[in-house]
Amino acid sequence: MNWLQKLVSPRARTSTAGKGKVPEGLWEKCDGCSAVLYRPELEASLMVCPKCGHHHAIGARVRLAAFLDPGSAVELFAGLEPIDPLKFRDSKKYKDRIVAAQKSTGEKDALIAMRGTLKGNPLAAVAFEFRYMGGSMGSVVGEKFTRSAELALAERMPLVCFAATGGARMQEGLFSLMQMAKTAAALARLDAAGLLYISVLADPTTGGTTASFAMLGDVILAEPNALIGFAGQRVIANTIKAELPEGFQRAEFLLEHGMLDAVVHRRELKDYLARALDWMAPVKRA
């Protein structure tokens, strides 16, 4: 028996016996500890390495399905998709990038919005799909977020956002940057009505989203070791002409310096958020 057969579970060995090769995508190397992980087991643990606890990227739909109560999720504003108002082109046309991103992810844009319940409590929830152009924020992302906030306001329920994004989408220029003010204004209306907004920051959360709705939560949480910041470390270091401290812009560093309320393991996040809603939503409404 070779080394690969020893690693494969008996069930996997049986299912692939006689085919001559291991199915593509069956194994994944952990970025944290370099362990070779059995992909189905990694997915069952919400893409968290069972050996070192490293949090791998997770899809927006998978995240929302794990977060909301089974059978309660209803997708919102699914028909919205981007256009190319500036006829932007760099190395490729923006419209071609849109087509490629939609084909590779199966999503119309980088934000998925849903309504549902969390342990019986109704809420609206949005999550970024980082595989779609780095989870960048364009007009559709801003519109979906704003409409989700308006729905939460109309139905007097909390809003939860899971951010994993590189920031504003440069191909939409000022149309993208306008979403920073637009989403912040929507959250101001939610706050004025006494409704709870919880922001969960995953790796990475950077750029214009960090400078707007990602850091405006009544409760701001982050996953372990998530990269969180506005400008990149190299830009900051070159600007201030100083060496940055160890762990700069990582979730634990931000928690230590008062920028976050807690760093929460992904598998504990659902229970943590359910308790937060039980404790804080009634107080906020009051």
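All figures in this text were calculated on a predicted structure; none of them were measured in a lab. (Residues numbered from 1 in each chain as written. Predicted model: local features only at pLDDT ≥ 70, side-chain atom pairs only at ≥ 80, totals over all residues. Heavy atoms only, no water.)

### Comments concerning the overall build of the protein
Within the protein one finds ten helices and ten strands. Its C-alpha radius of gyration of 20 Å places the protein within 12% of the 19 Å reference for a compact globule of 286 residues. Each of the three principal axes of the protein carries a C-alpha extent, and together these read 65 × 50 × 45 Å. Counting every position in the protein, which comprises 286 residues, the buried fraction comes to 45%. Sequence separation of at least 24 residues holds for 66% of the intrachain contacts in the protein that already meet a minimum separation of 6. Accessible surface, the protein as shown: approximately 14,500 Å² in total, 56% of it carbon and sulfur. If you average the places of the 36 positive and of the 30 negative side-chain charges in the protein, the two averages end up 6 Å apart. (Helix = DSSP H or I, 4+ residues; strand = E, 2+ residues; numbered from the N terminus. Rg over C-alpha atoms; globule rule 2.2 N^0.38 Å. Buried < 20%, exposed > 50% of the residue type's maximum accessible area, 1.4 Å probe, protein only. Contact = heavy atoms within 4.5 Å. Areas by Shrake-Rupley, 256 points an atom, 1.4 Å probe, with all protein chains shown as cover. Lys, Arg positive; Asp, Glu negative; His and termini not counted. Charge placed at Lys NZ, Arg CZ, Asp CG, Glu CD.)

### As for the layout of surface pockets
If you roll a probe as big as a water molecule over the atoms, it shows you where there is empty space left. In this structure, the second largest pocket spans a volume of roughly 220 Å³. In terms of lining residues, the second largest pocket is bounded by 19 residues, among which H56, A57, I58, A164 and D203 are the most central. When contributions to the lining of the second largest pocket are tallied by element, the ones reaching two or more residues are β6 (159–165) and β7 (197–206). A total of three residues in the lining of the second largest pocket trace back to one element, the largest contributor, which is β6. For the lining of the second largest pocket, the per-class residue count stands at ten nonpolar, three polar and six charged. (1 Å grid on protein atoms, 1.4 Å probe; cavity = no way out; pocket = protein on both sides within 12 Å on 5 of 7 lines; lining within 4 Å. Points joined across faces, edges and corners; volume = space filled by probe spheres on them. Nonpolar A, V, L, I, M, F, W, Y, C, P; charged D, E, K, R; others polar.)

### Describing the nonpolar core
Counting residues in each nonpolar core, the largest one holds 43 residues, and the members touching the most others are F145 and L159. Of the residues forming this core, the biggest block, five residues, is contributed by helix α6 (residues 139–154). M114, I198, V264 and A274 belong to the second-largest nonpolar core, a separate cluster that totals 25 residues. (Core = buried A, V, L, I, M, F, W, Y, C linked by side-chain atoms within 4.5 Å.)

### Considering the confidence of the model for the protein
The predicted model of the protein has a mean per-residue pLDDT of 92, with 92% of residues at 70 or higher. Low pLDDT, under 50, characterises residues 1–18; the stretch is placed with eleven contacts to residues that sit more than four places away or in other chains. (pLDDT = per-residue confidence, 0-100.)

### Comments concerning the environment of A226
In this structure, A226 sits in the loop between β8 (219–222) and β9 (228–229). We classify A226 as buried; its relative accessible area is 0%. In the structure, A226 is positioned 25 residues away from L201 in sequence and 7.2 Å away in space, judged by C-alpha atoms. Filtering out sequence-adjacent residues up to four positions away, A226 remains in contact with L201, A202, D203, Q249, R250 and A251.

### Some details on the pattern of salt bridges
In this structure the tally under the stated criterion is 19 salt bridges. Residue R115 is joined to E155 by a salt bridge in which the shortest nitrogen-to-oxygen separation is 2.5 Å. One end of the pair, R115, is in strand β4 (residues 111–118); the other, E155, is in the loop between α6 and β6, and 40 residues separate them in sequence. Residue R115 is classed as partly exposed on the basis of its relative accessible area, which comes to 27%. With relative accessibility at 38%, the residue E155 sits in the partly exposed group. E223 is the salt-bridge partner of R266, the closest N and O atoms lying 2.9 Å from each other. Here R266, found in the loop between β10 (262–263) and α10 (269–285), pairs with E223, found in the loop between β8 and β9; they are 43 residues apart in sequence, far enough to count as distant. Judged on exposure class, the residue R266 and its partner E223 are both buried. (Salt bridge = Lys/Arg side-chain N within 4 Å of Asp/Glu carboxyl O.)

### Looking at the environment of D191
One can find D191 in helix α7 (residues 173–192). Separated by 71 residues in sequence, D191 and A262 place their C-alpha atoms 21 Å apart. Leaving out residues up to four positions away in the same chain, D191 has contacts with D218 and K284. A polar atom in the side chain of D191 sits 2.9 Å from the side chain of K284. (Polar contact = N/O pair within 3.5 Å; in protein donor to acceptor, adjacent residues only side chain to side chain.)

### Topic: unusual backbone geometry
With an omega dihedral of -5 degrees, the bond running from D203 to P204 counts as a cis peptide bond. Among the secondary structure elements, P204 is positioned in strand β7. With a phi close to 70 degrees, S34 is a non-glycine residue in the positive phi region. Mapped onto the secondary structure, S34 falls in the loop between β1 (27–29) and β2 (36–38). Despite not being glycine, K119 has its phi angle at roughly 50 degrees, a positive value. You can see K119 is positioned in the loop between β4 and β5 (121–128).

### Thoughts on the packing of α6 against α7
It is the contact of α6 with α7, at a shortest axis distance of 9 Å, that shows an interaxial angle of 10 degrees. Classified by the angle between their axes, α6 and α7 sit roughly parallel to one another. Contacts between α6 and α7 pair S139, G142, E143, F145, T146, A149, E150, A152 and L153 from the former with F175, Q179, K182, T183, A186, L187, R189 and L190 from the latter. Class assignment for the residues of the contact of α6 with α7 results in eight nonpolar, five polar and four charged. (Axes fitted to C-alpha atoms, helices over the stretch in contact; angles between N-to-C directions. Parallel < 35°, antiparallel > 145°, perpendicular 65-115°, else oblique.)

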